[in-house]
Amino acid sequence: MEVKVLNINGKETGRSITLSDSVFAIEPNNHAVYLDVKQYLANQRQGTHKAKERAEVTGSTRKIKKQKGTGTARAGSIKNPLFKGGGTIFGPRPRSYSFKLNKGLKRLARKSAFSIKAKESNIIVLEDFNFETPNTKNFINVLKALGLENKKSLFVLGDSNKNVYLSSRNLKASSVVTNSELSTYAILNANNIVLLEGSLEGIEENLSK
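Residues numbered from 1 in each chain as written. Predicted model: local features only at pLDDT ≥ 70, side-chain atom pairs only at ≥ 80, totals over all residues. Heavy atoms only, no water.

A. Representation of the side chain of N122. Position of N122 relative to the elements: it lies in the loop between helix 3 (103-119) and strand 3 (123-126). By relative accessible area, N122 is classed as buried at 19%. Residues within four places of N122 in sequence aside, it is in contact with K117, N191, N192 and I193. (Helix = DSSP H or I, 4+ residues; strand = E, 2+ residues; numbered from the N terminus. Buried < 20%, exposed > 50% of the residue type's maximum accessible area, 1.4 Å probe, protein only. Contact = heavy atoms within 4.5 Å.)

B. Spatial organisation of the pattern of salt bridges. Applying the stated rule across the entire model yields six salt bridges. Residue K4 is joined to E12 by a salt bridge in which the shortest nitrogen-to-oxygen separation is 3.5 Å. We note a salt bridge from R93 to E53, for which the minimum N-O separation is 3.0 Å. Pair noted here: R93 is in the loop between helix 2 (30-44) and helix 3 and E53 is in the loop between helix 2 and helix 3, with a separation of 40 residues, a long-range link. R93 sits in the exposed class, given a relative accessible area of 53%. Three or more residues joined by partner-sharing salt bridges are found here, namely R15, E127 and E197. (Salt bridge = Lys/Arg side-chain N within 4 Å of Asp/Glu carboxyl O.)

Take it as geometry only, folks, not as evidence of what the structure does.
In structure tokens form, the structure reads like this:
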């Protein structure tokens, strides 16, 4: 798959680059994508929810009425889950929602996500760039030049670039990651993927294993 390389002004550089078919042109595996996104979202959950059960509610354990002859159901104490203010039956407890996936499946999911974006022509290859200092306005100008100012975008860098990262941090619709930080969720959540030239070798090396 051949893609033209653009500069930060949105103009063609006269160069093109070939994206690996084994990463950007496979038949997407929807179930692998589903599992990887499910794991990502599950890992975001804190799992700190807690409801007090019968033994944890403050209250007397005195039997509130006699066992028989009242015409109503028997009751042991005011902490009975059937009473207002009583304990919760089988309430949530702190737990971890994370689960394990094989590395091969996660690689397949990321390749499938890239292939979906490539098929939709939503991948842009940009020549490497840097800012002298963190500057959100400069990053916005890059988005405007690429026609992405009103779209969700994901910029993928080859190596960590503090100035570019800090320049994008205030923008809700744009995010910047390195090729080692990529996730299937991040790829699919963005309308457009902007791959810097320096990131391609690392992406293809990581996903072609």
